[in-house]
Structures are given as C-alpha cells and as structure tokens.
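Topology and contacts: notes
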Amino acid sequence: MRVTLLGTGDTTGTPTVGCRCETCEAARERGVERTRFSVHVENERAGESLLVDASPDLRYQFLRDEPPLPDAAVVTHVHFDHLDGLGNVFRVLEDLEVYAADEIDPETGQSVADTVASDYYYLDAVTVRPTTPLEPVRVCGFDVTLVPVDHPPLVCYGLAIEDPETGAKLSLSGDTSYAVPERSREVLADPDLFLADAIVPASLADYHPIGGRHETSEGVARTFGTKHMTREGALELADELNATRTRLVHAAHFYPVEEAFEEPLAVDGETYSL
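The structure contained in this document is the topic of the report that follows. (Residues numbered from 1 in each chain as written. Predicted model: local features only at pLDDT ≥ 70, side-chain atom pairs only at ≥ 80, totals over all residues. Heavy atoms only, no water.)

This brings us to the pattern of salt bridges. According to the stated counting rule, one finds 17 salt bridges in the structure shown. One salt bridge connects Asp 163 with Arg 45, and the closest N-O pair in it is separated by 3.0 Å. A residue pair is termed long-range when its members are at least 10 positions apart, and Asp 163 in the loop between β9 (157-162) and β10 (169-172) and Arg 45 in the loop between β2 (38-43) and β3 (48-52) qualify at 118 residues. When its relative accessible area of 42% is taken as the criterion, Arg 45 is described as partly exposed. One salt-bridge network, in which partners are shared between bridges, spans Glu 33, Arg 64, Asp 65 and Asp 268. (Salt bridge = Lys/Arg side-chain N within 4 Å of Asp/Glu carboxyl O. Helix = DSSP H or I, 4+ residues; strand = E, 2+ residues; numbered from the N terminus. Buried < 20%, exposed > 50% of the residue type's maximum accessible area, 1.4 Å probe, protein only.)

What follows is the structure, given as structure tokens:
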C-alpha cells in the first residue's frame, strides 16, 4: 500500500489566498503547501488506486505529484473542500466508481451518496456506489470501511483501509471533533498510519467564538469549536487507537509559524509505504 498525501490543508489551504501572515509567508519561502484535503492510496500489487476525497485542487495535485489516476474514490462528506474536485474527472477518466455513505442526513434529507449522484449527474464517468457505514467493502483490492465521526451539523465519516493480503492498515479520522463514537474507534484501531484532523493547536481554542470542547483534566481543549480536533486532541486519539505512525492533516494557516511545520504536522506530497 503506497499512500500519497495530495492535500493536507483545511478549507482555505496554506498559503491562503491573499494572506500575508507569518505562516503563509513561511510556506511560500519554503516552497511547501497544504492544499485542500485529498489522499491517494495505491495497491501496487493489484495495479489499482483509490482516491479519498475529491479536493478542489485535484487537477493541480495530480499534475504536481503524478500519482496513477484513480480507479475508484471515496467521499467522506459533502463540504466543498472534500467534494467539489470531482468535476475534474470530466474528459480525464472514462469510469470512476465513487463510494459514499447511504445514511440519510437529517440536515440535508439526503445521504452523501445521494448528494454526489445529484450534484454530478452530468458526469457519465461517475458511478455512485451507496455504502453502508461499518460494513467493509472491497475496493481496489482493499477492504474499505466508512465509520461515523462527529462533524456537526452534517454527517461525516472516517475510513479504515486494509490490505487483506499484507495486513497493512491506513486509518483516517475524517473531519471530526474528538467525540468519535466507540464503535468507530474500534474499526480505526491499530493502524500502521493514522491521518488525523488537527486544524489548530489547543492554545487557539480561546479564539473560537464558542471556545474549545472535550477538555482534558488540565483544561486542554481536544476539540476546536464543534467540528475539528485540536493538535492535542488528534494526538491523544492517535494514542488511544494505538497508531504506529501519525500524521496531522487538515491543518489551518492559523498555526503559529514556529509550530506550523513541526512534526507530526504533514505537508503535501508526503508518501508512505505500508
């Protein structure tokens, strides 16, 4: 299993357009990026590859890193920074199976699968495969399991991707607060590589209009606002999942410059062989 981190940033990415903060300036000077979130997972044995989320930066990411074009994709939720790149398959791919959860979201009245099918009805290449969370499906030779996480007000899912022949396992938290359900934690547990949502350090929780949530006994916020984990929350979840290696993704440009590029925060283009 070869994993390429195509996009490791949040909704605006780093550098952020029009921003001259120290972190964005440092990213420009260092020549590093955190474009909108997307991960490429290649099954080198089967000669197939899976795309996790369709970043709006998809075209640029594939031109930059040159991974094999995907045979299938998984969409974790319907926020634009995880979905709107799907239009890039037009005249590029002849066929792309897109796996997405079949649970109805009370907020939208549709499942993620329904939304993908309706928003991209005009793409002949896209075939939507409604998928039941917590039930593994075989995709590109991997066993892929969608797991519910906590990203209000919309439904959202993390992923466990396992190679049934080698035992290699990649887990992704998805966009989530620290309040990942116990059943989902069980599925995500013991990964060789864990990609965890860590939008900002806990020290910035006081700047959110509603502050932080899920504090430790020392008062450290594991959740920033309601939707995303802090760095500290993500690392604690990684420990609880017994992750062999953890990379922090979906990072915002609000990280102070002296912390923004420190381990284990990921940047675009990183690759891992599991």
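A few words on the pairing of β10. Along β10, one buried face is formed by Lys 169 and Ser 171 and the opposite face, lined by Leu 170 and Leu 172, is buried too. Inspection of the sheet shows β9 paired to β10 by 4 bridges, in the antiparallel sense. The residue bridging Ile 161 from the neighbouring strand is Leu 170, located in β10. As judged from the 3 bridges shared by β10 and strand β11 (residues 193-197), these two strands associate in the parallel manner. Across the sheet, residue Leu 170 finds its bridge partner in β11, namely Leu 193. (Pairing = 2+ DSSP bridges.)

Counting 50 residues, the largest nonpolar core has Val 41, Leu 86 and Ile 161 as the members making the most contacts within it. Ranked by the residues each element gives to this core, the list is headed by strand β5 (residues 96-101), at 5 residues. When near neighbours in sequence (up to four residues on either side) are disregarded, Ile 161 contacts Met 1, Val 41, Leu 50, Val 52, Phe 142, Asp 143, Val 144, Ala 168, Lys 169, Leu 170 and Leu 172. In terms of nonpolar packing, the next biggest core, distinct from the first, is built from 26 residues, Ala 238, Leu 241, Ala 251 and Leu 265 among them. (Core = buried A, V, L, I, M, F, W, Y, C linked by side-chain atoms within 4.5 Å. Contact = heavy atoms within 4.5 Å.)

Bringing the sheet that holds strand β14 (residues 228-229) into the picture now. Read across the open sheet, the 3 strands follow the order β12-β13-β14; overall the sheet is antiparallel. Bordering the open sheet on either side are β12 (212-215) and β14, each of which pairs with just one other strand.

Right, let's talk about the state of the cysteines for a bit. This model, assessed by the stated rule, comprises 0 disulfides. For Cys 21, which is in no disulfide, the shortest distance to another cysteine sulfur is to Cys 19 and amounts to 3.5 Å. The thiol of Cys 24 is not disulfide-bonded; the next cysteine sulfur, from Cys 21, is found 3.6 Å away. (Disulfide = S-S within 2.5 Å.)

What follows concerns the side chain of Arg 185. Mapped onto the secondary structure, Arg 185 falls in helix α5 (residues 182-188). Classification of Arg 185 as buried rests on a relative accessible area of 13%. Here the side chain of Arg 185 touches Glu 240 through a polar contact of 2.4 Å, side chain to side chain. When sequence neighbours within four positions are dropped, the list of residues in contact with Arg 185 reads Tyr 178, Val 180, Leu 237, Glu 240 and Leu 241. (Polar contact = N/O pair within 3.5 Å; in protein donor to acceptor, adjacent residues only side chain to side chain.)

In this section: the pairing of β9. Most of β9 sits inside the fold, with 5 of its 6 residues counted as buried. Pairing between strand β8 (residues 142-148) and β9: 6 bridges, direction antiparallel. From the neighbouring strand, Val 144 faces β9, where its bridge partner is Ile 161. From the end of β9 to the start of β10, which pair antiparallel, there are 6 residues, and Gly 167 there has a positive phi angle of about 80°.

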